[in-house]
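So the chains spell out like this:
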Amino acid sequence: MKEFLIKRTLQMIPVLLGLSILIFGLSRIMPGDSIRLKLGPEATAEQIEAFEDSMGLNDPIVIQYVNYIKGVFTGDMGLSLQTDRNVATDIVETFPATFELMLVAMFLAILIGVPLGVISGVKKDKWQDHLTRVVSLSGIALPKFWIAIILQIIFAYWFSLLPVVGRGNIVPTEITGLRLLDSLLTLNFEAFINNLKHIILPSIALSIATMAQIMRLTRSNMLDELHKDYIVASTSYGLPKFMIVYKYMLKNAFASTLTIIGLSFGALLGNAFLVEAVFGWPGMAQYGVQAVIYKDYNAIVGVTLVIGIVFAVTNLIVDILYGFIDPRIKYDK
Amino acid sequence: MSAETVTNEVAKGSNSRFDYKRAWYKLKKSKLSLVGLFIVVGVIFMAIFAPWIVPYPADATGATIAFDKMNQPPSLEHFFGTDEIGRDIFSRVVYGARISLMLGILVLAIAIGIGVPLGLIAGIWGGKIGALIMRITDIFLAIPSLVLALAVAAILEPTLINIMIAISFGWWPWFTRLVYGEVLSLKDEQFVLASEGLGASKWRIAFIEVLPNCTSTIIVKATLDMGFVILTGASLGFLGLGAQPPTPEWGTMIAEGRVYLPEMWWQATFPGFAILVTVLGFNLLGDGLRDVFDVRLDGE
Amino acid sequence: MMSKVLLSIEDLKVHFTSYEGTAKIINGVNIHLNEGEVISIVGESGCGKSVTVRSILGLVPTPPAKYVGGEILFENRNILKFTKDEMQKMRGQDISMIFQDPMTALNPVFTIGEQLMDVYMWKGKKRNILSRVNKKLKQEAYSRAIEVLEKMRIPDPTAIMKRYPVELSGGMRQRIVIAMALMHTPKLLIADEPGTALDVSVQDQILIELKRLVKEEGISMIFITHNLGVARIISDRVYVMYAGEVVEEGDAKTIFEESYHPYTNGLLASIPKLDGSMGDGIDGRIPNFLNPPVGCRFYDRCTERKSVCKDTRPDLINLLNKRKVACHLYSEGRN
């Protein structure tokens, strides 16, 4: 187990290094108008030149890259053109909001997606199945930013049930940065309710596609299970249907579903860019969108790298969980 | 019998296993797939004949201004209402199909054009070249394709063509990985071994023997991806990185219409429906084709 | 000695619908089993023996299967008419089944102990999300599981209880699969070619074990196999099936000594010889079930066919020694 962890972590390094080269390279071939944008229309050529020098932009690209990587290890990810601060500081500040949103969305997706997938698989070709399939296929096809807007119109504007934008205005004492968790830890229920209200719509909008994917996959895994020998055998021993479905089939089916959950985390990260933009959610994805629009190259590189790391770590965690569920998986490979 | 005909015989043997009667039976049996086919054909029809279908072709492409019919809700005259400068939203949505389809087709053409040969090379040649290709693929897949597309879009001017480049940049590795997996499973099949034994060149094995056997997988993947590419394109458009107004791109239209919420809800709503229905159509059809061709894709 | 009939399958007909049409998979099968008796059903794969026995437990999914005729009487009650609840009550308790492949018949993600104990605790019961098991039942289940494992001569049963199937050998798993079926000591045990996936030596051991247990516990058994040699060792009587029909039946011994149907002759010839050479198989394949031959279904492959065989289906006729055969060679009174 320990060896497996070390091995997998070591495997992550070349990929992340490659990713950093790719993104860093892209950011440096960016047209130089970002500096002009930053310094304003009155800036003279000399001023721009001086600024570029101070940012190290006129060094050879290899030197720039080496300096950048050195910086990353000391917590310096370069200056953000939007905020005039260290990109690392910005990311540390915005990441918990995105992470919290993603966790809630993933929680919803699993909580709703798995049972619906089970029902759909067990009631194959009955109305429950058709309904779930149409819903899940539509869920995948839904433009996330659009459903976010629709949710805003219905729940925030028409019924005024929930806030339109933002992350909540009662901030609990910060422990983890995840406000729902922090407010529970400090027993600050007022803050909990307030933040819960704010997170409901964005997390629903974010979770729909993932929920639909999980639903579809659980369904097809359950269908595969139906014809497995050990399931027919369980039936022949006279076990109750409920038990066969929710215990004997589901654990196997979920083991396979778990692998897709790792991948969906990537989709969730991508979709967060859209959902945060619509709901004005002060997270890292929103920061990333701004970075793209303002051509804030250090911020783009920083955000992309963090996403790469989060994605890789999630997949590692999923692999470990998989081993817990399925004893056939051994870590000694 | 020459070596070549033998190889051809064996190869044909493996191709002709496909049973068209059975395929059509399966497709016909699944009503949802037929719905998908119907939608896809409908969207293509709309895209081709847009100028003859829509009531106000000039509104669709240009920035015509008609203050007398600004912000009208849906009516018989304007099915989807009008926008803030009086353009007919229905006409613009129908024209949007042209843009989305073009985007989808071009992105997939680039992605397949790059990804498939690389996958074949990695699988057939193997060794260092193969390993290198697959490691590079891993790097491109290390972040969600939307995020990669955003990063590329940042260095380019926001135009329709550039957005296609940006999306393709992160899309080809999926095809490389798909084809690579297929090649590995086909490598030990009789017809490949036979042609190898008969001294066929690697290029020949890759493109003449193996590639035809990957086509059904590629077709299914491409059909499903068509929907997702359109979705990604619209997402980038929504963030202001794609086609610029007055181009009737669905995502861009939603971003424009969003300003007038919630009173003029129709502006943002109908382009969204168009995306939903189109993507759904491709997904349903792709799903049906997957059952027909009996293909299993990555992660399933 | 007249013993009581435990199970009788009367003129069973099962059709399967597919996109190509209707396949008449089981075409009027008659089989009966007395209490305490062991019978074998012998035939090639695809001859319908599995569908026949799985029908007894209601394990054949409908659709695609459709029961178009006949009945299966277990203790004089027609199983085909059972409600879901009656069926679940009967399974495991009255009739149980041993699955063919020990590699796939155990759930890979649960321990052996959990699977055995669940069968003991939940058989024939309802369960919902709130159901709980009391401690006493759990303990009973545990000791019963150990007891059955010991009966199967499994070394160190307490340790085995904690293992996952993947950690055990094929032979061990096959014994556990048998233990699963014996948890409630059923009246009738159906064995679907147990051990065929294993080494011959391991298979032999398991068959001996199985035969001993069945006799000890007074369980009746239907044994499915494609190997007449195995059938002779294990069973009292033998039914030979071909393409969804019974073509010959009789005492295991007498069939082995003198078989009548050309198909049975072929099966006998295909048993591997003592000198180690493989037997001769039967040429050809089982007929298309969509458009089966009007006459004898074995016609295409038969070495002794006559013109009458092509168009007239032979009936199962009685011969001496309680033997029966469905073949025109014997229809004119030749015994």
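These numbers come from a predicted model, not from an experiment.

Let us now look at the overall build of chain B. Looking only at helices and strands, chain B features 12 helices and zero strands. Beginning at the N terminus, the succession of helices and strands in chain B can be written as α-α-α-α-α-α-α-α-α-α-α-α. Overall, chain B is about 80 × 45 × 30 Å in size when its C-alpha atoms are taken along their principal axes. Looking at chain B residue by residue over its 300 residues, the buried ones come to 48%. Relative to all contacts within chain B whose residues are 6 or more apart in sequence, the contacts with residues 24 or more apart total 72%.

Our next topic: the overall build of chain C. Summing up its helical and strand segments, chain C has 11 helices and 12 strands in all. Rg of the C-alpha trace for chain C: 21 Å, near the compact-globule value of 20 Å for 335 residues, within the 12% margin. Principal-axis analysis of the C-alpha atoms gives chain C an extent of 70 × 50 × 45 Å. For chain C, the residues scored as buried account for 43% of the 335 residues in total. Intrachain contacts of chain C at a sequence separation of at least 6 include 65% that bridge at least 24 residues.

All names here are of chain C. Reading across from one edge, E6-E7-E8-E3-E9-E10-E12-E11 is the order of the eight strands in this open sheet, with mixed pairing throughout. With one partner strand each, in any of the chains shown, strand E6 (95-98) and strand E11 (317-318) form the two edges of the open sheet. Here five bridges tie strand E7 (residues 188-192) to strand E8 (residues 220-225), and the two strands are oriented parallel to one another. Among the inter-strand pairings, leucine 189 is bridged to a residue of E8, identified as methionine 221. Sheet strands in contact with helix H6 (residues 170-182) are E6 and E7, and its direction is about 175° off that of E6.

Turning our eyes to something else, we now look at the UniProt feature "transmembrane region" (unreviewed entry) in chain B. Here the UniProt feature "transmembrane region" (unreviewed entry) sits at residues 32-54, 99-125, 132-155, 161-180, 226-244 and 264-286 of chain B. Secondary structure content for residues 161-180 of chain B is 100% helix and 0% strand, while the C-alpha to C-alpha distance between its ends is 29 Å.

What follows deals with the interface of chain A and chain C. Accessible area lost upon the coming together of the parts is a frequently used measure of interface size. At the interface, 21 residues of chain A touch 28 residues of chain C. Secondary-structure elements contributing two or more residues to the side of chain A that touches chain C are helix H10 (229-236) and helix H11 (241-279) of chain A. In terms of residue class, the side of chain A that touches chain C is built from 12 nonpolar, four polar and five charged.

Of all hydrophobic cores here, the largest spans 264 residues; its most connected members are A:Ala148, B:Ala149, B:Ala153, C:Ile190, C:Val240 and C:Val247. For this core, the element with the most residues is H11(A), which contributes 21 residues. Not counting residues up to four positions away in its chain, the partners in contact with A:Ala148 are A:Ala205, A:Val275, A:Val278 and A:Phe279.

At the junction of the two partners, chain B supplies 38 residues and chain A supplies 45 residues. Put simply, the parts of the chain that give the side of chain B that touches chain A at least two residues each are helix H6 (127-140), helix H7 (145-155), helix H10 (202-238), helix H11 (250-258) and helix H12 (266-293) of chain B. Broken down by class, the residue content of the side of chain B that touches chain A amounts to 28 nonpolar, six polar and four charged.

Attention now moves to the environment of A:Trp158. Here A:Trp158 shows up in helix H7 (residues 144-158). A tally of 11 C-beta atoms within 10 Å means that A:Trp158 is categorised as exposed. Not counting the four nearest positions on each side in its chain, A:Trp158 is found in contact with A:Ile153 and B:Pro262.

Right, let's talk about unusual backbone geometry for a bit. Phi is mostly negative for residues that are not glycine, and the peptide bonds are mostly trans. Residues and elements named next belong to chain C. Of note in the backbone geometry, glutamate 75 takes a positive phi value of approximately 50° without being a glycine. Backbone geometry places asparagine 76, a non-glycine residue, at a positive phi of 70°. Note that asparagine 76 resides in the loop between strand E4 (65-74) and strand E5 (77-78). Among the residues examined, asparagine 76 registers 8 C-beta atoms within 10 Å and is labelled exposed.

Scoring rules and cut-offs
- Residues numbered from 1 in each chain as written.
- Chains lettered and ligands numbered in written order.
- Predicted model: local features only at pLDDT ≥ 70, side-chain atom pairs only at ≥ 80, totals over all residues.
- Helix = DSSP H or I, 4+ residues; strand = E, 2+ residues; numbered from the N terminus.
- Buried ≥ 20, exposed ≤ 12 C-beta atoms within 10 Å, placed from the backbone.
- Contact = placed C-beta atoms within 7 Å.
- Rg over C-alpha atoms; globule rule 2.2 N^0.38 Å.
- Pairing = 2+ DSSP bridges.
- Axes fitted to C-alpha atoms, helices over the stretch in contact; angles between N-to-C directions.
- UniProt positions renumbered as here; feature names shortened; annotations may be inferred.
- Nonpolar A, V, L, I, M, F, W, Y, C, P; charged D, E, K, R; others polar.
- Core = buried A, V, L, I, M, F, W, Y, C linked by C-beta atoms within 7 Å.

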